[in-house]
Amino acid sequence: MKVIICGAGQVGWQIARHLSGERNDVTVVDSDQDLVRRATDTLDVQGVAGFASYPDVLDRAGARDADMIIAATYSDEVNMVTCQVAHSVFGINRKIARLRSQAYLTAIYSDLFRRDHMPIDVVISPEREVAAAALQRLSAPAAFDTELFIDEQAQLLGISLDEDCPVLNTPLRQLTDLFSTLRVVVVGVRREGTLFAPEAGDHLLAGDDAYIFAHVDDVPRTMEVFGKTMTKQERLVVVGGGNVGLAVARALEKRTNRVRTKMIERNRRCAELAAEALERTIVLHGDGLDVALLNEAGVSRADAMLAVTDDDKTNMLAAVRAKAEGCPYAIALINDPTLVPMMGPLGIDAYINPRATTVSSILRHIRHGRVRAVYSIGDADAEVIEAEVLSTSPMAGKKINEIDFPEGVLVGSVRKGEKVIRPVGRTRIDEGDVIALFALAKDVPEVERLMQVSIDFF
């Protein structure tokens, strides 16, 4: 597949990294020559320096025979015009655009992106994706990472294992015997910075970060087994009243189980707009690092604090300060992945990486065939892929222990008909089943081959 990626920033570079590693013909376009050079020096891609919306630049990038274009520059308008030029001049079949401004995404203007108007096949909103990720984190506060799969019947949980975890030093195969009714599979472990798919004889150790698949009905019991407690989120403090904070507050206001939310926003105009848009959320104008203001917002009595300003360091410091004032759970929005190793030493419970959520969302729309969802783990170290099994798949009709999976791949959950089950070696994978697999980045191409997903894409 020939793909043009417009924008060589963090998101564009990661998408190029994924697709070029899967033997696609990738060309990166950016007006910044240094970003283009970084992409071509570190990845197996071609590069073109220039404005992505210019027809001659797209022509040099190979638009005349491209199968797909992904517009992920920093400008919404450039992304939209790029898709228009790709459609009108070059007839590119598949067009994906990242749009930040909520003004373009209002439902009453949805006709804007029709093929005969502004032809964009898929619109990705980073703010909405990040807000959804924040709500996911709040749903499982003892987990540092979480995502729902298989129509929200299976949940991926990232759990940091402490010294008092009850199942430390227990072979994973024994966990199945000890908790036979628990629909749980440990699919990934990060130990001393290295992520791997564990084998049945492996043990979990204190300090490990474990990625666990659980049936949603078994999540409370799973958290207990791994030494964590589930708490209700009834009081929340949000630092940052921009698009992300506003989306989170709006979603919480719509919930039947009411969450009392207070928001702190430094920019006066932004605070006023948030106060006008929200009905039950109290909006305070001021600095989220101000201890007096945090106390006025009741951070010591809050169940959780969410820092989602547009500055990583502010989010980290606000989270640290909230913890110091007695808040039991703090989440920080972090754009810079090099800051993530500091989360643990600073005592920050969880973080949200906008790049990872946006990359996951884009990958969901560009994976071949019957792929239903893709979730990127860590700094694109691994993926969780949910897909329907096709009749042409080498997996169809075989038991899991008969399928030649790479070492870095584990099946986390399987749905047969309406029932979601815990997969074991003797589980038979049939046509029409929906499976969720954990795969290290290097093994994703082999997973796609096993799924035979490229047959019915275009």
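Residues numbered from 1 in each chain as written. Predicted model: local features only at pLDDT ≥ 70, side-chain atom pairs only at ≥ 80, totals over all residues. Heavy atoms only, no water.

Under an unreviewed UniProt entry, the name given to the chain is Trk system potassium uptake protein TrkA, and the organism recorded is Tateyamaria armeniaca.

**Brief notes about the UniProt feature "domain: RCK C-terminal" (unreviewed entry) in the chain**
The positions that UniProt labels "domain: RCK C-terminal" (unreviewed entry) are, in the present scheme, residues 144-228 and 372-453. Between the first and last C-alpha atoms of residues 144-228 the distance is 12 Å; the span itself is 16% helix and 35% strand. (UniProt positions renumbered as here; feature names shortened; annotations may be inferred. Helix = DSSP H or I, 4+ residues; strand = E, 2+ residues; numbered from the N terminus.)

**Notes on the state of the cysteines**
In total, this model carries zero disulfides according to the counting rule given. In this structure cysteine 6 is not part of a disulfide, and its nearest cysteine sulfur, from cysteine 83, lies 7.9 Å away. The exposure class assigned to cysteine 83 is buried, which follows from its relative accessible area of 0%. (Disulfide = S-S within 2.5 Å. Buried < 20%, exposed > 50% of the residue type's maximum accessible area, 1.4 Å probe, protein only.)

**Quick word on helix H11 (residues 312-324)**
Across its 13 residues, H11 extends 18 Å between first and last C-alpha, which sits within 8% of the 18 Å expected from 1.5 Å per residue. All of the buried residues along H11 are Asp312, Asn315, Met316, Ala318, Ala319 and Ala322. When H11 is viewed along its axis, its buried side chains cluster within an angular range of 165° and face the same direction. Exposed side of H11, more than 90 degrees from the buried face: Lys313 and Ala324 are the residues found there. The inward-facing, buried residues of H11 abut strand S15 (304-307), strand S16 (330-333) and helix H12 (343-346). The opening residue of H11 is aspartate 311, an N-cap whose side-chain oxygen sits 3.3 Å from the backbone nitrogen of lysine 313. Phi for glycine 326, located one or two positions after H11, is positive at around 110°. (Expected span 1.5 Å × (residues − 1). Arc of directions from axis to C-beta. Contact = heavy atoms within 4.5 Å. Polar contact = N/O pair within 3.5 Å; in protein donor to acceptor, adjacent residues only side chain to side chain.)

**Regarding the sheet that holds strand S5 (residues 94-98)**
Hydrogen bonds between backbone groups are what pair the strands of a sheet, and the pairing can be parallel or antiparallel. Taken in spatial order, the six strands make up an open sheet running S3-S2-S1-S4-S5-S6, and their pairing is parallel. The open sheet terminates on both sides in strands that have one partner only, identified here as strand S3 (46-49) and strand S6 (122-124). Ignoring strand direction, the axes of neighbouring strands in this sheet form an average angle of 15°. Here S5 pairs with S6 via three bridges, running parallel. If you follow arginine 98 over to S6, its bridge partner there is isoleucine 124. (Pairing = 2+ DSSP bridges. Axes fitted to C-alpha atoms, helices over the stretch in contact; angles between N-to-C directions.)

**A short note on the confidence of the model for the chain**
Averaged over all residues, the pLDDT of the chain equals 88, while 96% of them reach at least 70. Across the chain, the secondary-structure element scoring lowest on mean pLDDT is helix H13 (residues 354-366), at 77, and the one scoring highest is helix H3 (residues 55-60), at 96. Note on residues 453-458: pLDDT under 50 across the span, and 18 contacts to partners over four residues away in sequence or across chains. (pLDDT = per-residue confidence, 0-100.)

**A look at the pairing of strand S18 (residues 371-377)**
Within S18, six of the seven residues are buried, which leaves it mostly tucked inside the rest of the structure. Looking at chain direction, S18 and strand S19 (residues 382-388) are connected through six bridges and run antiparallel. Paired with isoleucine 377 across the two strands is alanine 382, which belongs to S19. Between S18 and the antiparallel strand that follows it, S19, lie four residues; glycine 378 among them carries a positive phi value of about 60°.

**Details of the layout of surface pockets**
By rolling a water-sized probe across the atoms, one finds the places where empty space is left. Size it by volume and the largest pocket reaches roughly 1000 Å³. Forming the walls of the largest pocket are 42 residues, and the residues nearest its centre are Phe144, Ser160, Asp349, Ala350 and Tyr351. At the level of secondary structure, the elements contributing two or more residues to the lining of the largest pocket comprise strand S8 (154-160), strand S11 (209-215), H12, strand S17 (350-352), H13 and S18. (1 Å grid on protein atoms, 1.4 Å probe; cavity = no way out; pocket = protein on both sides within 12 Å on 5 of 7 lines; lining within 4 Å. Points joined across faces, edges and corners; volume = space filled by probe spheres on them.)

**Looking at the sheet that holds strand S21 (residues 409-416)**
On the basis of which strands lie adjacent, the open sheet formed by five strands has the order S18-S19-S24-S21-S22 and antiparallel pairing. Across the chains shown, the open sheet's two edge strands, defined by having one partner strand only, are S18 and strand S22 (419-421). When the angles between neighbouring strand axes are averaged without regard to direction, this sheet yields 15°. For S21 and S22, the ladder comprises three bridges, and the chain directions are antiparallel. Paired with arginine 415 across the strands is valine 420, a residue of S22. Along the sheet, helix H14 (residues 444-451) contacts S19, S21 and strand S24 (434-440); its crossing angle with S24, the most-contacted strand, is approximately 155°.

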